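Reading the structure
Given next are the chains, with one letter for each unit.
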Amino acid sequence: MKSMKMGNKRLATLVGCNYPNTPNELHGCINDVHAMRDALVNRFGFDPSDIVLLTDAPSSLVMPTGANIRSALNRMIDQAEAGDVLFFHYSGHGTRIPSARPGHGFRHDEAIVPCDFNLITDVDFRHLVNRLPKGASFTIISDSCHSGGLIDKEKEQIGPSVASGAPPAHRPKIIPLDSILQHLTSLTGINSLDIGTHLCQVFGGDASIKFRLQKLQSSLVGSLHPDAGILLSGCQANETSADMNPTDDGDKAYGAFSNAVQMVLKEHETKLSNRELVTMARAVLREQDFKQHPCLYCNDENADAPFLWQPEHSKPQEPQLTSML
């Protein structure tokens, strides 16, 4: 396995959206990112001051809107230098968007759903990856429905499997496109089924680059640095990811994939490759009777590179964090 020269910075943005007091409410997403924050500090050598945490908890001063998430991600990219390790963990709803690209026919694209429904798409993540300086890495965990392929054009390493049987009772982490369109139409008053029209009307320059610059999309999102991105998705592009809310006293709610990752990390204190982590998380979910299949997207070398380039020795630090942009 080829080693990566360690940079001076380890930067992370963690986003948990529970959508409280709405029809789309989830329960475990904020718990997911708090657990990951602890792992980053205690195991992977992240300084608490270099971790941005965005949640829609009632006490949050800065909400995980589309604009705020993009701002945090862009700040990480802007600071990145060769050898730096960047990380984004998202736990919340996902959705699929109809897309007709020249030469590709009809297909669906993937997106995450911030608390204000200002979608962040696979094209946005490709654009972020393309901006990385050579030698930096950008790892994404997306515990959301339809998260497979969330970095557009990234190479698939661990991909589709066939699910069978009935999964345990859970809330899927998806907001259907029709529900998003209904919400946005109530804001714009525009009679259109084109989601891009509504998003641009409501969010203007903060809307996804996919909808703002559709005609220039192919030139903007070409694979300038196609191997810099690493995606660990909670499920395949055609699957849903589970949000669990245990009824037993004292048990915390959690996302099935995020929890599987934490279980694997706790059981294996030595370095794990991205491929090993996804494979083991799949096994955990299979043992728990979940019918979602985590996937891995990255280049061949990064598939066998250590997850988050785990340092040889990680020194625990006091649990501080950056909670606003």
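Structure: see above.
What this report covers is the structure whose coordinates are included nearby. These numbers were taken from a predicted model, which means no experiment stands behind them. (Residues numbered from 1 in each chain as written. Predicted model: local features only at pLDDT ≥ 70, side-chain atom pairs only at ≥ 80, totals over all residues. Heavy atoms only, no water.)

**Digging into the sheet that holds strand 13 (residues 295-297)**
Within a sheet, adjacent strands bond to each other through the backbone by hydrogen bonds, running parallel or antiparallel. Ordered in space as 2-1-3-7-10-13-8, the seven strands form an open sheet in which the pairing is mixed. What marks the edges here is a single partner per strand, and that holds for strand 2 (51-55) and strand 8 (156-158). Between one strand and the next, the sheet's axes are offset by a mean angle of 15 degrees, whatever the strand orientation. Bridging between strand 10 (residues 229-233) and strand 13 involves three bridges; their strand directions are antiparallel. By the bridge assignment for strand 13, leucine 231 is matched with tyrosine 297. (Pairing = 2+ DSSP bridges. Helix = DSSP H or I, 4+ residues; strand = E, 2+ residues; numbered from the N terminus. Axes fitted to C-alpha atoms, helices over the stretch in contact; angles between N-to-C directions.)

**Focus on the packing of helix 2 (residues 66-79) against helix 3 (residues 122-130)**
Taken N-terminus to C-terminus, the directions of helix 2 and helix 3 make an angle of 20 degrees; their axes are 10 Å apart at the nearest point. The orientation of helix 2 relative to helix 3 falls into the category roughly parallel. As helix 2 runs across helix 3, the sense of the crossing is right-handed. Side by side, helix 2 and helix 3 meet where Arg70, Leu73, Asn74 and Ile77 of the first sit next to Asp124, Phe125 and Leu128 of the second. (Parallel < 35°, antiparallel > 145°, perpendicular 65-115°, else oblique. Left-handed = near helix turned anticlockwise from the far one by under 90°. Contact = heavy atoms within 4.5 Å.)

**Details of unusual backbone geometry**
The phi dihedral of aspartate 289 is positive, around 70 degrees, even though this residue is not glycine. Relative to the helices and strands, aspartate 289 resides in the loop between helix 9 (274-287) and strand 13. We classify aspartate 289 as partly exposed; its relative accessible area is 44%. Backbone geometry at leucine 308 places phi at a positive 55 degrees, although glycine is not the residue there. Of note, leucine 308 is situated in the segment after helix 10 (300-303). The exposure class assigned to leucine 308 is buried, which follows from its relative accessible area of 0%. (Buried < 20%, exposed > 50% of the residue type's maximum accessible area, 1.4 Å probe, protein only.)

**Describing the pairing of strand 7 (residues 137-143)**
Across the seven residues that make up strand 7, a large majority, seven, are buried. Going residue by residue along strand 7, you find Ser137, Thr139, Ile141 and Asp143 tucked away on one face and Phe138, Ile140 and Ser142 tucked away on the opposite face as well. Bridge count for strand 3 (residues 85-91) against strand 7 is seven bridges, and the pairing is parallel. Looking at strand 7, one finds that valine 85 is bridged to serine 137.

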